[in-house]
Amino acid sequence: METFAPALPRPIVLGSTSPYRRELLARLRLPFETVAPQVDETPLPGEPPARLAQRLARAKAEAVAQRHPQAIVIGSDQVADLDGAALGKPGTHERAVAQLRAMRGQTVRFQTALAVVCHASGYAAEDLAVVEVRFRDLSDAEIERYLLAERPYDCAGSAKSEGLGIALLESIVSDDPSALVGLPLIRTARLLRGAGVTLP
């Protein structure tokens, strides 16, 4: 009588070089590897922040899935949305100061998009987590002290809510708490289950 070995689970690949996303995904206790998606993140003319985040999350997942067609690939992108204007990673101290000055006393919507793709199975799903963050009416001195202490120049919106940046805020409204850090884990778990991954 012929016997068949059970199929091995598909490998999981995070299409990101972000240490924040890597740390978040590790919470699900699944084996995974990370691969740089190498995607041009330049916004299109007039592109709304939510659409930009969704397009880039999809592009990152697809770019990595083309190189790893058997894998379940996770792509994600986050754009800070201030009154419809996209705020990216500041990169420099001067840009971070300008971002935080623009956001003080304002509500910023952090658009965190997610895409999960597996070419071999034909699975593709997307979702978007929106986090509303109200910033305190920060003084220039508070902005300067914060930036010199934490140097969040690689974070959209120039503030790390998981660190000292939480002191800049009045409130956070979200149905997927880890989304603000860069990967909405409730949605990620849901899409991974849809792709056939077993989670508790």
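Residues numbered from 1 in each chain as written. Predicted model: local features only at pLDDT ≥ 70, side-chain atom pairs only at ≥ 80, totals over all residues. Heavy atoms only, no water.

1. Examining the overall build of the protein
Here is step 1 of the chain: Along the backbone of the protein there are 5 helices and 7 strands.
Here is step 2 of the chain: Starting at the N terminus and walking to the C terminus, you meet the elements of the protein as β-α-β-α-β-β-α-β-β-α-β-α.
Here is step 3 of the chain: A compact globule built from 200 residues should have a C-alpha radius of gyration of about 16 Å, and the protein, at 18 Å, falls within 12% of that.
Here is step 4 of the chain: With the principal axes as the frame, the protein shows a C-alpha extent of 75 × 35 × 25 Å.
Here is step 5 of the chain: Counting across all 200 residues of the protein, residues that qualify as buried make up 47%.
Here is step 6 of the chain: Long-range pairs, those at least 24 residues apart, make up 67% of the contacts in the protein between residues at least 6 apart in sequence.
Here is step 7 of the chain: With the model as given, the accessible surface of the protein reaches about 10200 Å², and the carbon-plus-sulfur share is 52%.
Here is step 8 of the chain: Charge separation in the protein, taken as the distance between the mean sites of 23 positive and 24 negative side-chain charges, equals 2 Å. (Helix = DSSP H or I, 4+ residues; strand = E, 2+ residues; numbered from the N terminus. Rg over C-alpha atoms; globule rule 2.2 N^0.38 Å. Buried < 20%, exposed > 50% of the residue type's maximum accessible area, 1.4 Å probe, protein only. Contact = heavy atoms within 4.5 Å. Areas by Shrake-Rupley, 256 points an atom, 1.4 Å probe, with all protein chains shown as cover. Lys, Arg positive; Asp, Glu negative; His and termini not counted. Charge placed at Lys NZ, Arg CZ, Asp CG, Glu CD.)

2. Focus: the pattern of salt bridges
Here is step 1 of the chain: Taken as a whole and assessed by the stated rule, the structure comprises 13 salt bridges.
Here is step 2 of the chain: With a closest N to O distance of 3.3 Å, aspartate 140 and arginine 101 form a salt bridge. Of this pair, aspartate 140 sits in helix H4 (residues 140-150) while arginine 101 sits in helix H3 (residues 93-103), and the two are 39 residues apart along the sequence.
Here is step 3 of the chain: Between glutamate 132 and arginine 109 there is a salt bridge; the shortest N-O distance is 2.7 Å. With glutamate 132 in strand S6 (residues 123-135) and arginine 109 in strand S5 (residues 107-118), the pair connects residues that are 23 residues apart, well separated along the chain.
Here is step 4 of the chain: Using a relative accessible area of 32% as the deciding quantity, one classes glutamate 132 as partly exposed.
Here is step 5 of the chain: Connected via shared salt-bridge partners are Asp127, Asp175, Asp176, Arg187 and Arg190. (Salt bridge = Lys/Arg side-chain N within 4 Å of Asp/Glu carboxyl O.)

3. Digging into the packing of H3 against H4
Here is step 1 of the chain: Close contact between H3 and H4 brings their axes to 10 Å; oriented N to C, the two are set at 135°. If you check the angle between H3 and H4, you find them oblique. Considering the relative orientation of H3 and H4, their crossing is right-handed. Residues His93, Ala96, Val97, Leu100 and Arg101 of H3 lie in contact with H4, whose contacting residues are Asp140, Ile143, Glu144, Tyr146, Leu147 and Leu148. (Axes fitted to C-alpha atoms, helices over the stretch in contact; angles between N-to-C directions. Parallel < 35°, antiparallel > 145°, perpendicular 65-115°, else oblique. Left-handed = near helix turned anticlockwise from the far one by under 90°.)

4. Details of the UniProt feature "active site" (unreviewed entry) in the protein
Here is step 1 of the chain: Summarizing the sequence annotation, UniProt attributes the feature "active site" (unreviewed entry) to Asp77 in the numbering used throughout.
Here is step 2 of the chain: Topologically, aspartate 77 is positioned in strand S3 (residues 72-82).
Here is step 3 of the chain: When residues no more than four places from it in sequence are discounted, the contact partners of aspartate 77 are Arg21, Glu41, Ala53, Leu56, Ala57, Lys60, Gln111, Thr112 and Ala113.
Here is step 4 of the chain: In this structure the side chain of aspartate 77 is engaged in a polar contact, spanning 2.9 Å, whose partner is the side chain of lysine 60. (UniProt positions renumbered as here; feature names shortened; annotations may be inferred. Polar contact = N/O pair within 3.5 Å; in protein donor to acceptor, adjacent residues only side chain to side chain.)

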